[in-house]
Amino acid sequence: QDSMSLSLGDESAIELQRLLRDEPEFIDTNSLDDTKTTPVLDQGSVDPVYQAKAHVLNNAIQQIGMGKYQWELFVLVGFGWAADNMWPIITSLILPAVALEFNQSKPPLLSLAQNIGLLAGAIFWGFGCDIFGRRLAFNATIGVTAVFGLIAAGSPNFAAIGCFAALWSVGVGGNLPVDSAVFLEFLPGSHQYLLTILSIFWALAQLLATLVAWPLLGYRTCSAEQTTPCTRSQNFGWRYFMIAMGGFSMICFILRFVFFTLYESPKFLMGKGKDAEAVAVVHKVALKNGKTSPLSIADLEIHNTEGHQGTDTAAVLKRKLEKINLDHVRALFRTRKLAYSTTLIMVIWAFIGLAFPLYNAFIPYLLSSRGASYGDGSTYITYRNSLIIAVLGIPGALLGGVLVEIPKFGRKGALALSTTLTGVFLFGSTTAKTSNGLLGWNCAYNFMSNVMYAVLYAYTPEIFPTKDRGTGNALTASANRIFGVMAPIVAIYANLETAAPVYVSGALFIAAGVLVCLLPFESRGKASL
(Lines give C-alpha, C1' and ligand atoms only; values in the text may rest on other atoms or scores of the structure.)
Protein backbone atom coordinates (compact mmCIF):
# COMPACT_ATOMS: atom_id res chain seq x y z
CA GLN A 1 0.00 0.00 0.00
CA ASP A 2 2.86 2.42 0.75
CA SER A 3 4.48 1.88 -2.64
CA MET A 4 1.09 2.27 -4.29
CA SER A 5 0.43 5.58 -2.57
CA LEU A 6 3.79 6.95 -3.68
CA SER A 7 2.91 6.20 -7.30
CA LEU A 8 -0.38 8.05 -7.03
CA GLY A 9 1.29 11.30 -6.05
CA ASP A 10 -1.81 13.36 -5.12
CA GLU A 11 -4.85 13.49 -2.87
CA SER A 12 -6.27 10.44 -4.65
CA ALA A 13 -3.46 8.38 -3.11
CA ILE A 14 -4.44 9.45 0.38
CA GLU A 15 -8.07 8.62 -0.31
CA LEU A 16 -7.18 5.27 -1.86
CA GLN A 17 -4.96 4.34 1.07
CA ARG A 18 -7.81 5.16 3.46
CA LEU A 19 -10.20 2.98 1.48
CA LEU A 20 -7.80 0.01 1.60
CA ARG A 21 -7.63 -0.11 5.40
CA ASP A 22 -10.78 -2.22 5.74
CA GLU A 23 -10.94 -5.43 3.74
CA PRO A 24 -14.31 -7.10 4.40
CA GLU A 25 -14.06 -9.50 1.47
CA PHE A 26 -11.34 -10.15 -1.09
CA ILE A 27 -12.34 -11.38 -4.51
CA ASP A 28 -10.67 -14.23 -6.31
CA THR A 29 -9.78 -12.91 -9.76
CA ASN A 30 -9.54 -16.46 -11.09
CA SER A 31 -13.28 -16.88 -10.63
CA LEU A 32 -14.07 -14.30 -13.31
CA ASP A 33 -16.07 -15.25 -16.40
CA ASP A 34 -13.86 -13.74 -19.08
CA THR A 35 -16.66 -13.75 -21.66
CA LYS A 36 -18.35 -11.02 -19.65
CA THR A 37 -15.35 -8.73 -20.00
CA THR A 38 -14.77 -9.27 -23.72
CA PRO A 39 -15.16 -5.86 -25.40
CA VAL A 40 -18.10 -5.10 -27.70
CA LEU A 41 -16.01 -3.24 -30.28
CA ASP A 42 -13.41 -4.82 -32.54
CA GLN A 43 -9.68 -4.33 -32.18
CA GLY A 44 -8.77 -1.13 -34.00
CA SER A 45 -12.15 0.54 -33.50
CA VAL A 46 -10.82 2.47 -30.50
CA ASP A 47 -7.43 3.64 -29.24
CA PRO A 48 -5.47 0.49 -28.21
CA VAL A 49 -4.15 2.01 -24.96
CA TYR A 50 -7.63 3.13 -23.98
CA GLN A 51 -9.01 -0.30 -24.88
CA ALA A 52 -6.42 -2.08 -22.74
CA LYS A 53 -7.16 0.13 -19.74
CA ALA A 54 -10.91 -0.20 -20.24
CA HIS A 55 -10.51 -3.97 -20.15
CA VAL A 56 -8.67 -3.67 -16.82
CA LEU A 57 -11.46 -1.53 -15.39
CA ASN A 58 -14.12 -3.89 -16.76
CA ASN A 59 -12.38 -6.72 -14.92
CA ALA A 60 -12.29 -4.66 -11.72
CA ILE A 61 -16.01 -3.83 -11.90
CA GLN A 62 -16.83 -7.46 -12.71
CA GLN A 63 -14.81 -8.58 -9.68
CA ILE A 64 -16.73 -6.23 -7.41
CA GLY A 65 -19.98 -7.54 -8.85
CA MET A 66 -23.52 -6.23 -8.57
CA GLY A 67 -23.96 -4.70 -5.13
CA LYS A 68 -25.57 -1.95 -3.07
CA TYR A 69 -24.11 0.91 -5.09
CA GLN A 70 -25.34 -0.42 -8.44
CA TRP A 71 -28.82 -1.29 -7.14
CA GLU A 72 -29.27 2.19 -5.69
CA LEU A 73 -28.03 3.65 -8.97
CA PHE A 74 -30.48 1.40 -10.85
CA VAL A 75 -33.43 3.05 -9.08
CA LEU A 76 -32.12 6.60 -9.41
CA VAL A 77 -31.27 6.17 -13.10
CA GLY A 78 -34.80 4.81 -13.46
CA PHE A 79 -36.08 8.28 -12.56
CA GLY A 80 -34.37 9.57 -15.71
CA TRP A 81 -36.00 6.85 -17.81
CA ALA A 82 -39.35 7.80 -16.26
CA ALA A 83 -38.88 11.51 -17.03
CA ASP A 84 -38.02 10.77 -20.66
CA ASN A 85 -41.43 9.19 -21.24
CA MET A 86 -43.54 11.04 -18.68
CA TRP A 87 -42.99 14.64 -19.78
CA PRO A 88 -43.82 14.18 -23.50
CA ILE A 89 -46.95 12.36 -22.33
CA ILE A 90 -47.73 15.27 -20.00
CA THR A 91 -47.54 17.65 -22.96
CA SER A 92 -49.95 15.57 -25.03
CA LEU A 93 -52.36 15.21 -22.10
CA ILE A 94 -52.57 18.95 -21.28
CA LEU A 95 -52.63 20.05 -24.93
CA PRO A 96 -56.45 19.99 -25.45
CA ALA A 97 -57.12 21.88 -22.21
CA VAL A 98 -54.38 24.45 -22.86
CA ALA A 99 -55.63 25.04 -26.41
CA LEU A 100 -59.19 25.62 -25.16
CA GLU A 101 -58.21 28.01 -22.36
CA PHE A 102 -55.92 30.15 -24.52
CA ASN A 103 -58.07 29.80 -27.67
CA GLN A 104 -55.08 28.56 -29.69
CA SER A 105 -55.75 27.74 -33.34
CA LYS A 106 -52.53 25.72 -33.77
CA PRO A 107 -52.15 23.58 -30.61
CA PRO A 108 -49.27 21.44 -32.01
CA LEU A 109 -47.03 24.49 -31.57
CA LEU A 110 -46.76 23.37 -27.93
CA SER A 111 -45.39 20.01 -29.07
CA LEU A 112 -43.02 21.83 -31.42
CA ALA A 113 -41.65 23.92 -28.52
CA GLN A 114 -41.20 20.74 -26.50
CA ASN A 115 -39.32 18.96 -29.27
CA ILE A 116 -37.00 21.92 -29.81
CA GLY A 117 -36.17 21.81 -26.10
CA LEU A 118 -35.59 18.05 -26.27
CA LEU A 119 -33.18 18.56 -29.16
CA ALA A 120 -31.28 21.30 -27.32
CA GLY A 121 -31.07 19.14 -24.19
CA ALA A 122 -29.82 16.09 -26.07
CA ILE A 123 -27.07 18.12 -27.71
CA PHE A 124 -25.99 20.11 -24.66
CA TRP A 125 -26.04 17.39 -22.01
CA GLY A 126 -25.02 14.55 -24.31
CA PHE A 127 -21.91 16.25 -25.69
CA GLY A 128 -21.31 18.10 -22.42
CA CYS A 129 -21.07 15.02 -20.21
CA ASP A 130 -18.04 13.87 -22.23
CA ILE A 131 -16.39 17.21 -21.44
CA PHE A 132 -17.36 18.19 -17.88
CA GLY A 133 -18.23 14.71 -16.63
CA ARG A 134 -21.30 12.69 -15.71
CA ARG A 135 -21.97 13.89 -12.15
CA LEU A 136 -23.11 17.44 -12.89
CA ALA A 137 -25.33 16.39 -15.81
CA PHE A 138 -26.82 13.47 -13.87
CA ASN A 139 -28.17 15.75 -11.14
CA ALA A 140 -28.91 18.86 -13.20
CA THR A 141 -31.09 17.31 -15.91
CA ILE A 142 -33.92 16.16 -13.67
CA GLY A 143 -33.59 19.31 -11.52
CA VAL A 144 -34.11 21.58 -14.55
CA THR A 145 -37.13 19.49 -15.55
CA ALA A 146 -38.73 19.76 -12.11
CA VAL A 147 -38.21 23.52 -11.70
CA PHE A 148 -39.66 24.58 -15.04
CA GLY A 149 -42.42 21.98 -14.84
CA LEU A 150 -43.61 23.54 -11.59
CA ILE A 151 -43.28 27.09 -12.91
CA ALA A 152 -45.32 26.15 -16.01
CA ALA A 153 -48.40 25.61 -13.82
CA GLY A 154 -48.72 29.39 -13.49
CA SER A 155 -48.50 30.16 -17.22
CA PRO A 156 -50.67 33.21 -18.10
CA ASN A 157 -50.84 32.54 -21.86
CA PHE A 158 -49.98 30.05 -24.60
CA ALA A 159 -46.61 31.66 -25.33
CA ALA A 160 -45.57 31.24 -21.70
CA ILE A 161 -46.52 27.55 -21.49
CA GLY A 162 -44.65 27.04 -24.80
CA CYS A 163 -41.49 28.64 -23.40
CA PHE A 164 -41.66 26.62 -20.18
CA ALA A 165 -42.29 23.42 -22.15
CA ALA A 166 -39.11 24.08 -24.14
CA LEU A 167 -37.17 24.78 -20.93
CA TRP A 168 -38.31 21.71 -19.01
CA SER A 169 -37.59 19.68 -22.15
CA VAL A 170 -33.97 20.86 -22.12
CA GLY A 171 -33.66 18.86 -18.91
CA VAL A 172 -35.69 15.91 -20.20
CA GLY A 173 -33.62 15.71 -23.39
CA GLY A 174 -30.44 15.03 -21.42
CA ASN A 175 -31.78 12.30 -19.15
CA LEU A 176 -31.27 9.23 -21.34
CA PRO A 177 -27.96 10.22 -22.99
CA VAL A 178 -26.42 10.91 -19.58
CA ASP A 179 -28.15 8.31 -17.41
CA SER A 180 -27.48 5.39 -19.74
CA ALA A 181 -23.78 6.30 -19.79
CA VAL A 182 -23.65 6.63 -16.00
CA PHE A 183 -25.32 3.30 -15.29
CA LEU A 184 -23.52 1.29 -17.95
CA GLU A 185 -20.10 2.46 -16.76
CA PHE A 186 -20.67 1.09 -13.25
CA LEU A 187 -22.39 -2.10 -14.38
CA PRO A 188 -20.60 -5.49 -14.39
CA GLY A 189 -20.61 -7.09 -17.83
CA SER A 190 -22.64 -9.99 -16.41
CA HIS A 191 -25.49 -7.59 -15.54
CA GLN A 192 -25.66 -5.36 -18.63
CA TYR A 193 -29.13 -6.76 -19.34
CA LEU A 194 -30.34 -4.50 -16.51
CA LEU A 195 -29.96 -1.58 -18.90
CA THR A 196 -32.88 -3.14 -20.78
CA ILE A 197 -34.90 -3.80 -17.62
CA LEU A 198 -34.59 -0.09 -16.78
CA SER A 199 -37.33 0.55 -19.32
CA ILE A 200 -39.84 -0.70 -16.77
CA PHE A 201 -39.54 2.82 -15.29
CA TRP A 202 -40.39 4.17 -18.75
CA ALA A 203 -43.60 2.11 -18.73
CA LEU A 204 -44.44 2.95 -15.10
CA ALA A 205 -44.14 6.66 -15.93
CA GLN A 206 -46.85 6.33 -18.57
CA LEU A 207 -49.04 4.54 -16.04
CA LEU A 208 -48.42 7.19 -13.37
CA ALA A 209 -49.16 10.10 -15.71
CA THR A 210 -52.42 8.49 -16.84
CA LEU A 211 -53.54 7.72 -13.28
CA VAL A 212 -52.89 11.27 -12.08
CA ALA A 213 -54.42 12.84 -15.19
CA TRP A 214 -57.69 10.91 -14.91
CA PRO A 215 -59.16 12.77 -11.89
CA LEU A 216 -57.50 16.13 -12.64
CA LEU A 217 -57.84 16.43 -16.41
CA GLY A 218 -60.82 14.15 -16.81
CA TYR A 219 -63.17 16.14 -14.59
CA ARG A 220 -61.65 19.59 -14.00
CA THR A 221 -61.26 20.65 -17.61
CA CYS A 222 -63.31 22.63 -20.13
CA SER A 223 -65.23 20.58 -22.67
CA ALA A 224 -64.76 21.10 -26.39
CA GLU A 225 -68.58 20.96 -26.74
CA GLN A 226 -69.34 23.80 -24.30
CA THR A 227 -70.74 26.97 -25.88
CA THR A 228 -69.38 29.45 -23.32
CA PRO A 229 -65.72 30.59 -23.34
CA CYS A 230 -63.29 28.42 -21.37
CA THR A 231 -62.07 30.35 -18.32
CA ARG A 232 -59.06 29.73 -16.08
CA SER A 233 -61.27 28.88 -13.08
CA GLN A 234 -63.15 26.23 -15.08
CA ASN A 235 -59.96 24.76 -16.50
CA PHE A 236 -57.64 24.47 -13.49
CA GLY A 237 -57.15 20.70 -13.89
CA TRP A 238 -54.10 20.93 -16.14
CA ARG A 239 -52.42 23.33 -13.71
CA TYR A 240 -52.95 20.94 -10.79
CA PHE A 241 -51.61 18.19 -13.03
CA MET A 242 -48.44 20.18 -13.76
CA ILE A 243 -47.92 20.81 -10.03
CA ALA A 244 -48.32 17.10 -9.28
CA MET A 245 -45.92 15.97 -12.01
CA GLY A 246 -43.42 18.74 -11.33
CA GLY A 247 -43.54 17.86 -7.64
CA PHE A 248 -42.84 14.20 -8.43
CA SER A 249 -39.79 15.18 -10.51
CA MET A 250 -38.58 17.44 -7.69
CA ILE A 251 -38.75 14.50 -5.26
CA CYS A 252 -36.68 12.46 -7.74
CA PHE A 253 -34.11 15.28 -7.91
CA ILE A 254 -33.87 15.50 -4.10
CA LEU A 255 -33.35 11.73 -3.81
CA ARG A 256 -30.54 11.92 -6.37
CA PHE A 257 -28.81 15.04 -5.11
CA VAL A 258 -29.26 14.79 -1.33
CA PHE A 259 -29.49 11.09 -0.47
CA PHE A 260 -27.06 9.55 -2.97
CA THR A 261 -23.41 10.21 -3.78
CA LEU A 262 -22.64 9.60 -7.43
CA TYR A 263 -19.00 8.86 -8.14
CA GLU A 264 -17.52 10.00 -11.42
CA SER A 265 -17.23 7.19 -13.98
CA PRO A 266 -13.85 5.38 -13.67
CA LYS A 267 -13.58 4.92 -17.44
CA PHE A 268 -14.44 8.58 -18.02
CA LEU A 269 -11.65 9.58 -15.60
CA MET A 270 -9.24 7.13 -17.22
CA GLY A 271 -10.08 8.55 -20.66
CA LYS A 272 -9.15 12.00 -19.33
CA GLY A 273 -5.76 10.76 -18.09
CA LYS A 274 -6.82 10.63 -14.42
CA ASP A 275 -5.83 7.04 -13.69
CA ALA A 276 -5.34 7.60 -9.96
CA GLU A 277 -8.83 9.02 -9.54
CA ALA A 278 -10.28 6.14 -11.59
CA VAL A 279 -8.64 3.60 -9.26
CA ALA A 280 -9.88 5.49 -6.20
CA VAL A 281 -13.47 5.41 -7.49
CA VAL A 282 -13.30 1.64 -8.08
CA HIS A 283 -12.22 1.15 -4.46
CA LYS A 284 -15.02 3.42 -3.21
CA VAL A 285 -17.62 1.38 -5.06
CA ALA A 286 -16.10 -1.85 -3.75
CA LEU A 287 -16.20 -0.51 -0.20
CA LYS A 288 -19.86 0.48 -0.50
CA ASN A 289 -20.61 -3.03 -1.76
CA GLY A 290 -18.83 -4.54 1.26
CA LYS A 291 -15.89 -5.78 -0.79
CA THR A 292 -12.44 -4.69 -1.87
CA SER A 293 -10.59 -4.71 -5.17
CA PRO A 294 -6.96 -5.65 -5.96
CA LEU A 295 -6.84 -2.90 -8.63
CA SER A 296 -3.82 -0.60 -8.36
CA ILE A 297 -2.58 2.39 -10.27
CA ALA A 298 0.18 0.21 -11.73
CA ASP A 299 -2.44 -2.00 -13.42
CA LEU A 300 -3.41 0.98 -15.57
CA GLU A 301 -0.06 2.71 -15.94
CA ILE A 302 1.54 -0.42 -17.37
CA HIS A 303 -0.49 0.20 -20.53
CA ASN A 304 0.71 3.77 -21.01
CA THR A 305 2.77 4.47 -24.09
CA GLU A 306 5.18 7.33 -24.61
CA GLY A 307 3.34 10.59 -25.03
CA HIS A 308 -0.01 9.10 -24.06
CA GLN A 309 -1.99 10.69 -21.25
CA GLY A 310 0.92 12.63 -19.88
CA THR A 311 0.55 14.36 -16.56
CA ASP A 312 2.89 17.30 -17.07
CA THR A 313 1.58 20.87 -17.46
CA ALA A 314 1.87 20.88 -21.25
CA ALA A 315 -0.15 17.66 -21.57
CA VAL A 316 -2.81 18.92 -19.20
CA LEU A 317 -3.10 22.19 -21.16
CA LYS A 318 -3.35 20.22 -24.40
CA ARG A 319 -6.22 18.13 -23.00
CA LYS A 320 -8.03 21.29 -21.89
CA LEU A 321 -7.78 22.74 -25.39
CA GLU A 322 -8.97 19.46 -26.90
CA LYS A 323 -12.26 19.85 -25.08
CA ILE A 324 -13.46 22.41 -27.59
CA ASN A 325 -12.73 20.41 -30.76
CA LEU A 326 -14.55 17.52 -32.43
CA ASP A 327 -12.30 14.69 -31.25
CA HIS A 328 -15.18 12.87 -29.56
CA VAL A 329 -17.19 12.96 -32.79
CA ARG A 330 -14.26 11.91 -34.98
CA ALA A 331 -13.57 8.97 -32.66
CA LEU A 332 -16.99 7.50 -33.50
CA PHE A 333 -16.03 7.47 -37.19
CA ARG A 334 -12.44 6.33 -36.62
CA THR A 335 -12.74 3.17 -38.71
CA ARG A 336 -15.02 2.23 -41.59
CA LYS A 337 -16.92 -0.32 -39.48
CA LEU A 338 -17.38 2.04 -36.55
CA ALA A 339 -18.49 4.85 -38.87
CA TYR A 340 -20.99 2.50 -40.53
CA SER A 341 -22.34 1.43 -37.13
CA THR A 342 -22.64 5.02 -35.84
CA THR A 343 -24.38 6.23 -39.01
CA LEU A 344 -26.81 3.32 -39.10
CA ILE A 345 -27.87 3.63 -35.45
CA MET A 346 -28.43 7.38 -35.99
CA VAL A 347 -30.71 6.65 -38.96
CA ILE A 348 -32.65 4.10 -36.90
CA TRP A 349 -33.12 6.62 -34.09
CA ALA A 350 -34.17 9.25 -36.64
CA PHE A 351 -36.88 7.03 -38.19
CA ILE A 352 -38.25 6.17 -34.76
CA GLY A 353 -37.98 9.85 -33.77
CA LEU A 354 -40.51 10.77 -36.46
CA ALA A 355 -42.70 7.68 -36.23
CA PHE A 356 -43.35 7.74 -32.47
CA PRO A 357 -44.42 11.41 -31.96
CA LEU A 358 -46.33 11.42 -35.26
CA TYR A 359 -48.47 8.54 -34.03
CA ASN A 360 -48.80 10.10 -30.57
CA ALA A 361 -50.04 13.33 -32.14
CA PHE A 362 -52.73 11.34 -33.91
CA ILE A 363 -53.78 8.85 -31.21
CA PRO A 364 -55.87 11.28 -29.06
CA TYR A 365 -58.05 12.06 -32.07
CA LEU A 366 -58.17 8.38 -33.05
CA LEU A 367 -59.32 7.24 -29.61
CA SER A 368 -61.89 9.99 -29.09
CA SER A 369 -63.33 10.10 -32.61
CA ARG A 370 -63.46 6.35 -33.12
CA GLY A 371 -64.77 5.93 -29.59
CA ALA A 372 -67.48 8.49 -30.21
CA SER A 373 -68.48 6.81 -33.44
CA TYR A 374 -68.70 3.51 -31.57
CA GLY A 375 -70.86 5.20 -28.94
CA ASP A 376 -68.37 5.09 -26.06
CA GLY A 377 -66.29 8.28 -26.24
CA SER A 378 -66.95 9.28 -22.64
CA THR A 379 -64.24 10.61 -20.34
CA TYR A 380 -64.38 7.44 -18.26
CA ILE A 381 -63.97 5.12 -21.25
CA THR A 382 -61.22 7.26 -22.80
CA TYR A 383 -59.08 7.31 -19.64
CA ARG A 384 -59.87 3.70 -18.79
CA ASN A 385 -58.60 2.63 -22.21
CA SER A 386 -55.51 4.83 -21.85
CA LEU A 387 -54.81 3.18 -18.49
CA ILE A 388 -55.13 -0.33 -19.93
CA ILE A 389 -52.75 0.59 -22.76
CA ALA A 390 -50.25 2.02 -20.25
CA VAL A 391 -50.33 -1.12 -18.06
CA LEU A 392 -49.30 -3.30 -21.03
CA GLY A 393 -46.01 -1.41 -21.29
CA ILE A 394 -44.70 -2.94 -18.04
CA PRO A 395 -44.51 -6.59 -19.17
CA GLY A 396 -43.13 -5.32 -22.48
CA ALA A 397 -40.11 -3.83 -20.73
CA LEU A 398 -39.55 -7.05 -18.77
CA LEU A 399 -39.80 -9.18 -21.91
CA GLY A 400 -37.14 -7.01 -23.52
CA GLY A 401 -34.77 -7.89 -20.68
CA VAL A 402 -35.31 -11.59 -21.37
CA LEU A 403 -35.03 -11.45 -25.16
CA VAL A 404 -31.66 -9.65 -25.21
CA GLU A 405 -29.97 -12.55 -23.38
CA ILE A 406 -31.17 -15.31 -25.75
CA PRO A 407 -28.13 -16.90 -27.47
CA LYS A 408 -27.82 -16.22 -31.22
CA PHE A 409 -30.71 -13.74 -30.91
CA GLY A 410 -29.38 -11.09 -28.53
CA ARG A 411 -29.84 -7.33 -28.79
CA LYS A 412 -30.04 -7.15 -32.58
CA GLY A 413 -32.61 -9.92 -32.91
CA ALA A 414 -34.81 -8.51 -30.15
CA LEU A 415 -34.59 -4.99 -31.55
CA ALA A 416 -35.29 -5.99 -35.16
CA LEU A 417 -38.29 -8.14 -34.22
CA SER A 418 -39.87 -5.67 -31.77
CA THR A 419 -39.40 -2.65 -34.06
CA THR A 420 -40.92 -4.43 -37.05
CA LEU A 421 -43.88 -5.76 -35.04
CA THR A 422 -44.51 -2.26 -33.65
CA GLY A 423 -45.06 -1.07 -37.21
CA VAL A 424 -47.20 -4.10 -38.07
CA PHE A 425 -49.50 -3.47 -35.11
CA LEU A 426 -49.90 0.16 -36.14
CA PHE A 427 -51.08 -0.96 -39.57
CA GLY A 428 -53.42 -3.39 -37.85
CA SER A 429 -55.05 -0.59 -35.83
CA THR A 430 -56.50 0.87 -39.02
CA THR A 431 -58.61 -2.28 -39.50
CA ALA A 432 -60.43 -1.98 -36.15
CA LYS A 433 -64.22 -2.06 -36.51
CA THR A 434 -65.08 -1.68 -32.82
CA SER A 435 -63.76 0.32 -29.87
CA ASN A 436 -62.51 -2.86 -28.19
CA GLY A 437 -60.78 -3.90 -31.40
CA LEU A 438 -58.98 -0.54 -31.54
CA LEU A 439 -58.06 -0.92 -27.87
CA GLY A 440 -56.60 -4.37 -28.56
CA TRP A 441 -54.40 -3.13 -31.40
CA ASN A 442 -53.17 -0.21 -29.33
CA CYS A 443 -52.37 -2.51 -26.41
CA ALA A 444 -50.31 -4.70 -28.76
CA TYR A 445 -48.56 -1.62 -30.15
CA ASN A 446 -47.69 -0.25 -26.70
CA PHE A 447 -46.52 -3.66 -25.48
CA MET A 448 -44.20 -4.15 -28.45
CA SER A 449 -42.97 -0.54 -28.54
CA ASN A 450 -41.89 -0.89 -24.91
CA VAL A 451 -39.91 -4.01 -25.85
CA MET A 452 -38.35 -2.00 -28.68
CA TYR A 453 -37.38 0.98 -26.53
CA ALA A 454 -36.07 -1.26 -23.75
CA VAL A 455 -33.65 -2.90 -26.16
CA LEU A 456 -32.80 0.28 -28.09
CA TYR A 457 -31.92 2.24 -24.94
CA ALA A 458 -29.66 -0.60 -23.78
CA TYR A 459 -27.98 -1.45 -27.09
CA THR A 460 -27.12 2.09 -28.18
CA PRO A 461 -24.71 3.10 -25.36
CA GLU A 462 -23.14 -0.38 -25.37
CA ILE A 463 -21.69 0.07 -28.87
CA PHE A 464 -19.91 3.34 -28.03
CA PRO A 465 -16.58 3.50 -26.12
CA THR A 466 -16.90 5.21 -22.71
CA LYS A 467 -14.76 8.25 -23.49
CA ASP A 468 -17.06 9.06 -26.43
CA ARG A 469 -20.30 7.51 -25.11
CA GLY A 470 -21.94 10.78 -24.17
CA THR A 471 -21.18 12.12 -27.64
CA GLY A 472 -22.52 8.96 -29.29
CA ASN A 473 -25.68 9.15 -27.20
CA ALA A 474 -25.97 12.83 -28.10
CA LEU A 475 -25.69 12.10 -31.83
CA THR A 476 -28.39 9.42 -31.76
CA ALA A 477 -30.64 11.46 -29.46
CA SER A 478 -30.16 14.54 -31.64
CA ALA A 479 -31.13 12.59 -34.77
CA ASN A 480 -34.19 11.35 -32.88
CA ARG A 481 -35.15 14.85 -31.72
CA ILE A 482 -34.51 16.55 -35.08
CA PHE A 483 -37.00 14.21 -36.72
CA GLY A 484 -39.24 14.60 -33.68
CA VAL A 485 -39.42 18.33 -34.41
CA MET A 486 -40.92 17.46 -37.78
CA ALA A 487 -43.88 15.58 -36.25
CA PRO A 488 -45.78 18.59 -34.82
CA ILE A 489 -45.09 20.52 -38.04
CA VAL A 490 -46.77 17.69 -39.94
CA ALA A 491 -49.59 17.72 -37.40
CA ILE A 492 -50.17 21.45 -37.97
CA TYR A 493 -50.42 21.30 -41.74
CA ALA A 494 -51.61 17.73 -42.39
CA ASN A 495 -55.09 16.31 -41.98
CA LEU A 496 -54.99 14.26 -38.78
CA GLU A 497 -58.60 13.18 -39.26
CA THR A 498 -57.44 10.37 -41.54
CA ALA A 499 -55.42 7.19 -40.99
CA ALA A 500 -52.54 8.51 -43.12
CA PRO A 501 -50.26 9.36 -40.14
CA VAL A 502 -50.65 5.78 -38.90
CA TYR A 503 -49.50 4.36 -42.24
CA VAL A 504 -46.48 6.67 -42.33
CA SER A 505 -45.58 5.86 -38.73
CA GLY A 506 -45.95 2.11 -39.27
CA ALA A 507 -43.80 2.19 -42.41
CA LEU A 508 -41.03 4.06 -40.57
CA PHE A 509 -41.01 1.49 -37.74
CA ILE A 510 -40.78 -1.40 -40.21
CA ALA A 511 -37.98 0.33 -42.14
CA ALA A 512 -36.07 0.87 -38.88
CA GLY A 513 -36.53 -2.82 -38.03
CA VAL A 514 -34.97 -3.84 -41.33
CA LEU A 515 -32.00 -1.49 -40.78
CA VAL A 516 -31.34 -3.07 -37.36
CA CYS A 517 -30.47 -6.33 -39.14
CA LEU A 518 -27.61 -4.51 -40.89
CA LEU A 519 -25.90 -3.30 -37.69
CA PRO A 520 -22.37 -4.75 -37.43
CA PHE A 521 -21.98 -5.14 -33.65
CA GLU A 522 -23.77 -7.54 -31.28
CA SER A 523 -23.18 -6.59 -27.63
CA ARG A 524 -24.76 -9.61 -25.93
CA GLY A 525 -22.36 -11.29 -23.48
CA LYS A 526 -19.69 -8.62 -23.93
CA ALA A 527 -18.57 -5.78 -21.68
CA SER A 528 -18.79 -2.25 -23.04
CA LEU A 529 -15.51 -0.33 -23.40
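Reading the values: rules and limits
- Each chain has its residues counted from 1, following the order in which its sequence is written.
- pLDDT decides what is reported in this predicted model: residues at 70 or higher carry local features, side-chain atom pairs at 80 or more are listed and counted, and totals for whole chains, interfaces and linings draw on all residues regardless.
- In computing side-chain properties, one takes all heavy atoms of the structure into account and sets aside hydrogens as well as water.
- Every helix listed is a DSSP run of H or I at least four residues long, and every strand listed is a run of E at least two residues long, numbered separately from the N terminus.
- Here the term buried applies to any residue with accessible area under 20% of the maximum for its type, exposed to any over 50%, and partly exposed to those in between, with areas from a 1.4 Å probe on protein chains only.
- The contact rule is simple, with two residues in contact once any of their heavy atoms fall within 4.5 Å.
- Values of accessible area rely on a 1.4 Å probe in the Shrake-Rupley scheme; residue burial ignores everything except the protein chains shown.
- Expected span of a helix, by definition, is 1.5 Å for each gap between consecutive residues, and there is one gap fewer than residues.
- For the purposes of this analysis, a disulfide is any pair of cysteine sulfur atoms at a distance within 2.5 Å.
- By convention in these notes, a salt bridge is any Lys or Arg side-chain nitrogen within 4 Å of a carboxyl oxygen on Asp or Glu.
- For every residue, the predictor states its confidence as a pLDDT score lying anywhere from 0 to 100.
- Every patch collects residues that have over 30% relative accessible area and no salt bridge, joining them within 9 Å if they carry like charges and within 5 Å if they are nonpolar side chains (Val, Leu, Ile, Met, Phe, Trp, Tyr).
- Here, axes are lines fitted to C-alpha atoms. For helices the fit covers the stretch in contact, and angles between N-to-C directions go from 0 to 180 degrees.
- Oblique is the label for every angle not falling under 35 degrees (roughly parallel), over 145 degrees (roughly antiparallel), or within 65 to 115 degrees (roughly perpendicular).
- Crossing handedness follows the turn of the near helix against the far one: under a right angle anticlockwise gives a left-handed crossing, and clockwise gives a right-handed one.
- Three classes are used, and their members are as follows: Ala, Val, Leu, Ile, Met, Phe, Trp, Tyr, Cys and Pro are nonpolar, Asp, Glu, Lys and Arg are charged, and the others, Gly among them, are polar.

**Details of the overall build of the protein**
Looking only at helices and strands, the protein has 22 helices and zero strands in total. Counting the 529 residues in the protein, one finds 57% classified as buried. Pairs at least 24 apart in sequence give 85% of the contacts found in the protein among residues at least 6 apart. When the accessible surface of the protein is summed, it comes to about 20,500 Å², and 64% of that surface belongs to carbon and sulfur atoms.

**Some thoughts on helix α10 (residues 237-257)**
Over its 21 residues, α10 runs 30 Å from end to end, which matches the ideal 30 Å to within 8%, given 1.5 Å per residue. Within α10, burial applies to G237, W238, R239, F241, M242, M245, G246, S249, C252 and R256. Looking at the buried side of α10, the elements it contacts are α4 (68-101), α6 (134-151), α7 (158-184) and α9 (199-219).

**Some thoughts on the state of the cysteines**
Inspection of every chain in the model, using the stated rule, returns one disulfide. Two residues, C222 and C230, share a disulfide whose sulfurs are 2.1 Å apart. Looking down the S-S bond of the C222 and C230 bridge, the torsion is 85°, so its handedness is right-handed. Like C230, C222 is buried.

**Some details on the pattern of salt bridges**
As enumerated under the stated definition, the model contains seven salt bridges in all. Of the charged contacts in the structure, one is a salt bridge between K53 and D275, with a shortest N-O distance of 2.7 Å. Of the two residues, K53 is situated in helix α3 (residues 48-64) and D275 in helix α12 (residues 275-288); the sequence distance between them amounts to 222 residues.

**A short note on the confidence of the model for the protein**
Across the protein, the average pLDDT comes to 80, with 80% of residues at or above 70. Of the regions scoring below 50 in pLDDT, residues 41-45 engages in 19 contacts with residues more than four places distant in sequence or in other chains. Note that pLDDT drops below 50 for residues 306-317; the model gives that stretch twelve contacts with residues more than four away or on any other chain.

**As for a nonpolar patch on the surface**
Side chains of I251, I254, L255, F257, V258 and F259 sit close together on the surface and give an oily, nonpolar patch of about 600 Å² of accessible area. With respect to the secondary-structure elements, F259 resides in the loop between α10 and α11 (266-271). For F259, a relative accessible area of 63% corresponds to the exposed category.

**Overview of α3**
Taking 1.5 Å per residue as the helical rise, α3 with its 17 residues ought to reach 24 Å, and the 25 Å between its terminal C-alpha atoms agrees with that figure. Counting buried positions over the 17 residues of α3 gives 14, a clear majority of the element.

**Some points on the packing of α4 against α7**
Following both chains from N to C, one finds α4 and α7 inclined at 155°, their axes separated by 9 Å at the closest point. As far as their axial angle goes, α7 and α4 are roughly antiparallel. As for the relative orientation of α4 and α7, their crossing is left-handed in sense. Contacts from Q70, L73, F74, V77, G80, W81, A83, D84, W87, T91, I94 and V98 in α4 reach F158, I161, W168, V172, N175, L176, D179, S180, V182 and F183 in α7. Here the contact of α4 with α7 is built from residues that sort into 15 nonpolar, five polar and two charged.

**As for the packing of α4 against α10**
Between α4 and α10, the least distance of the axes is 10 Å, while the angle of their chain directions is 165°. One element, α4, and the other, α10, form an angle in the roughly antiparallel class. Handedness of the crossing formed by α4 with α10: left-handed. Contacts between α4 and α10 involve L76, V77, F79, G80, M86, W87, I90, L93, I94, A97, V98 and E101 on the former and, on the latter, W238, R239, F241, M242, M245, G246, F248, S249, C252, L255 and R256. For the contact of α4 with α10, a count of residues per class yields 17 nonpolar, three polar and three charged.

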